[in-house]
Amino acid sequence: MKEPNFKTDYIVIKALEDGVNVIGLTRGTDTKFHHTEKLDKDEIMIAQFTEHTSAVKIRGKAVIQTNNGEMSNE
Ligand code: TRP
């Protein structure tokens, strides 16, 4: 598997229904929600992990592509 590179790697999230939430969680000792993005059906978000964001939580039906492959929570 390819080594992750936070400068060049993106995650792609495609919403399969209205109201999919993409939630960014903070990097560091406390893990908190810092941003919520709402996607409607067929909207796509392309995002990176950054110095501020170490985890992403996705609520709702979506197709997600990462370095680890493609997955769907449908
Ligand atoms: N300001 C945030 C950051 O630089 C924006 C962000 C980046 C983000 N990746 C994200 C928000 C993933 C939600 C999900 O970290």
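- For the protein chain, an unreviewed UniProt entry supplies the name Transcription attenuation protein MtrB and the organism Oceanobacillus indicireducens.
- Looking at the protein chain in UniProt, the text filed under Subunit (unreviewed entry) is "Oligomer of 11 identical subunits arranged in doughnut-like structure."
- Of the comments in the UniProt record for the protein chain, the one headed Sequence similarities (unreviewed entry) reads "Belongs to the MtrB family."

1. Thoughts on the sheet that holds strand 3 (residues 33-39)
Right, on to step 1. Read across the sheet, three strands follow the order 3-2-5 without closing on themselves; strand pairing throughout is antiparallel. Looking along the sheet, the strands with just one partner apiece sit at the ends: strand 3 and strand 5 (53-59). For this sheet the average axis-to-axis angle between neighbouring strands, irrespective of direction, equals 20°.
Right, on to step 2. When strand 2 (residues 20-26) meets strand 5, the two strands line up antiparallel, connected through six bridges.

2. A closer look at the packing of aromatic side chains
The description of an aromatic ring pair uses the distance of the two centres, along with the angle that the planes make with each other.
Right, on to step 1. Applying the stated criterion to the full structure yields zero aromatic pairs.
Right, on to step 2. For Arg27, the ring lying beneath its charged end belongs to Phe6, and the centroid distance is 5.7 Å.

3. Focus: the site of the ligand
Right, on to step 1. Around the ligand sit Gly24, His34, His35, Ala47, Gln48, Thr50, His52, Thr53 and Val56, and that is every residue in its neighbourhood.
Right, on to step 2. Within the backbone of Gln48, an N or O atom sits 2.7 Å from a nitrogen atom of the ligand.
Right, on to step 3. Interatomic distance of 2.4 Å between a side-chain N/O atom of Thr50 and an oxygen atom of the ligand.
Right, on to step 4. The class makeup of the residues in the shell around the ligand is two nonpolar, seven polar and no charged.

About the thresholds
Every chain's residues receive numbers from 1 upward, in the order its sequence appears when written. In view of the model being predicted, local features appear only for residues whose pLDDT reaches at least 70, and side-chain atom pairs are presented and counted only at 80 or more, with totals across whole chains, interfaces and linings using the full set of residues. Where side-chain values are given, they derive from all heavy atoms of the structure, hydrogens and water being excluded. UniProt positions are given in the numbering used here, feature names are shortened, and annotations may be inferred rather than shown by experiment. Pairs of strands are assigned from DSSP output, requiring at least two bridges between the strands. Runs of H or I in DSSP of at least four residues are treated as helices and runs of E of at least two as strands, each being numbered from the N terminus. Note on method: axes are straight lines fitted to C-alpha atoms, helices fitted across the in-contact stretch only, with angles between N-to-C directions ranging 0 to 180 degrees. Two rings belonging to Phe, Tyr or Trp (six-membered ring only in the last case) form a pair when the distance between their centres is within 6.5 Å. Interplanar angles under 30 degrees mark stacking, angles over 60 mark edge-to-face geometry, and anything in between is tilted. Over a ring means this: the NZ of a Lys or the CZ of an Arg is within 6 Å of the ring centre and within 35 degrees of the ring normal. Residues are labelled near a given molecule or strand when at least one of their non-hydrogen atoms is within 4 Å of it. Here a polar contact is recorded for every N or O atom pair within 3.5 Å, except that within protein the pair must consist of a potential hydrogen donor and a potential acceptor, and residues adjacent in sequence are included only if both atoms are side-chain atoms. In the scheme used here, Gly and all other residues not listed as nonpolar or charged are polar, with Ala, Val, Leu, Ile, Met, Phe, Trp, Tyr, Cys and Pro taken as nonpolar and Asp, Glu, Lys and Arg as charged.

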